[in-house]
Structures are given as C-alpha cells and as structure tokens.
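# Observations on the model geometry
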Amino acid sequence: MKNFFFLEGAYLILGGIILLITLFVSTRPFMTKGAWKKGLLWVTLVLAFFIGGHYIVTVNRMAEVQTAFEQDLPILCESRMQRKVAQTVTVQRSNDWTLENNNFVSPHYNRPFFSARCIVK
C-alpha cells in the first residue's frame with residue numbers, strides 16, 4: 001500500500017481537487033436536484049479507473065525492468081541532471097549497477113534512478 005501512495009500520490013491529490021470542483025459545480029442553483037450524487041459517483045469511478053490503471057501499468061513495468069536487470073539486459077533510465085544532452089542513462093548489472101529498494105545505484109553516479117522511470121531497451 002505504501003508503494004501505491006508513493007507512485008500515485010500526485011494523481012490522488014489531483015483527483016481530490018477534481019472531486020472538490022465537481023462537488024462545487026454540481027451544488028450550484030442551476031443544477032438539477034441530486035446532480036451532486038451522480039456527478040461525484042461518475043467522476044470518482046472514472047478517476048479510480050484511470051489511477052488504478054496507471055498503477056497497474058507502472059508496477060508491471062517495474063517488474064519487467066527488474067527482471068531484465070537480473071538477466072543483465074540494458075535498461076534506459078531518465079536522467080534529469082542534463083536536460084539538453086544525454087537524457088537517458090543505460091543501466092546494466094555488468095556496468096557496476098545494483099538494485100536497492102527499486103532504485104538503481106552506481107558508484108559512478110551521485111544519484112539513484114527509480115525503476116518506475118526506466119524501460120527495457
């Protein structure tokens with residue numbers, strides 16, 4: 001559950017803001033009676049579907065990346081240090097990379113790379 005809140009925390013906050021906006025709009029005088037119930041129900045279902053889908057896709061990609069790392073396949077990770085040149089870093093076990101708590105760590109880089117932000121090459 002901790003992993004869910006870590007990966008989807010920003011989307012959960014945005015979803016809460018969207019629900020508040022839905023509640024505000026659906027309780028205005030020009031809306032029909034009971035519109036807030038229907039509005040909140042449908043918006044909550046759509047948000048739950050999309051946030052849950054995003055979580056499933058992200059967890060599956062993380063598992064695929066970890067399996068590829070164990071097989072010493074090259075993995076591309078997003079590098080946020082240099083936005084203009086070398087936007088990706090190639091991670092491979094044979095190049096002194098280790099996997100610690102879903103983070104790829106190397107003695108040659110000063111920051112880790114989170115496996116959710118990586119793909120198999």
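The structure contained in this document is the topic of the report that follows. (Residues numbered from 1 in each chain as written. Predicted model: local features only at pLDDT ≥ 70, side-chain atom pairs only at ≥ 80, totals over all residues. Heavy atoms only, no water.)

Once that is clear, we can look at the sheet that holds strand β6 (residues 118–120). Taken in spatial order, the three strands make up an open sheet running β2-β1-β6, and their pairing is antiparallel. Each having just a single partner strand, β2 (88–91) and β6 make up the two edges of the open sheet. Within this sheet the neighbouring strands show an average axis-to-axis angle of 30°, counted without direction. The pairing of strand β1 (residues 75–78) with β6 spans three bridges and is classified as antiparallel. Along β6, the bridge assignment pairs isoleucine 75 with valine 120. Seen against the sheet, helix α2 (residues 35–70) touches β1, β2 and β6 and runs at an angle of roughly 60° to β6. (Pairing = 2+ DSSP bridges. Helix = DSSP H or I, 4+ residues; strand = E, 2+ residues; numbered from the N terminus. Axes fitted to C-alpha atoms, helices over the stretch in contact; angles between N-to-C directions. Contact = heavy atoms within 4.5 Å.)

What follows concerns the packing of aromatic side chains. Think of a pair of aromatic rings as described by two things: how far the centres are apart, and how the planes are tilted against each other in angle. Inspection of the entire model under this criterion finds seven aromatic pairs. Taken together through their ring pairs, the aromatic side chains of Phe4, Phe5 and Tyr55 make up a single cluster. Directly above the ring of phenylalanine 24 sits arginine 28, whose terminal nitrogen or CZ lies 4.1 Å from the centroid. (Phe/Tyr/Trp six-rings, centres within 6.5 Å; stacked < 30°, edge-to-face > 60°. Lys NZ or Arg CZ within 6 Å of the ring centre and 35° of its normal.)

Turning to the side chain of glutamate 8, a few remarks are in order. Along the polypeptide, glutamate 8 turns up in helix α1 (residues 2–26). Discounting residues that sit within four places of it in the chain, glutamate 8 has contacts with Ile51, His54, Tyr55 and Thr58.

Taken together, three strands build an open sheet; the order of strands is β3-β4-β5 and the sheet is antiparallel. Each end of this open sheet is capped by a strand with a single partner; those strands are β3 (98–100) and β5 (113–114). As defined by bridge partners, β3 adjoins strand β4 (residues 103–105) across three bridges and the pair is classed as antiparallel. By the bridge assignment for β4, threonine 98 is matched with valine 105. Relative to the sheet, α2 contacts β3, β4 and β5, its axis offset from that of β3 by approximately 140°.

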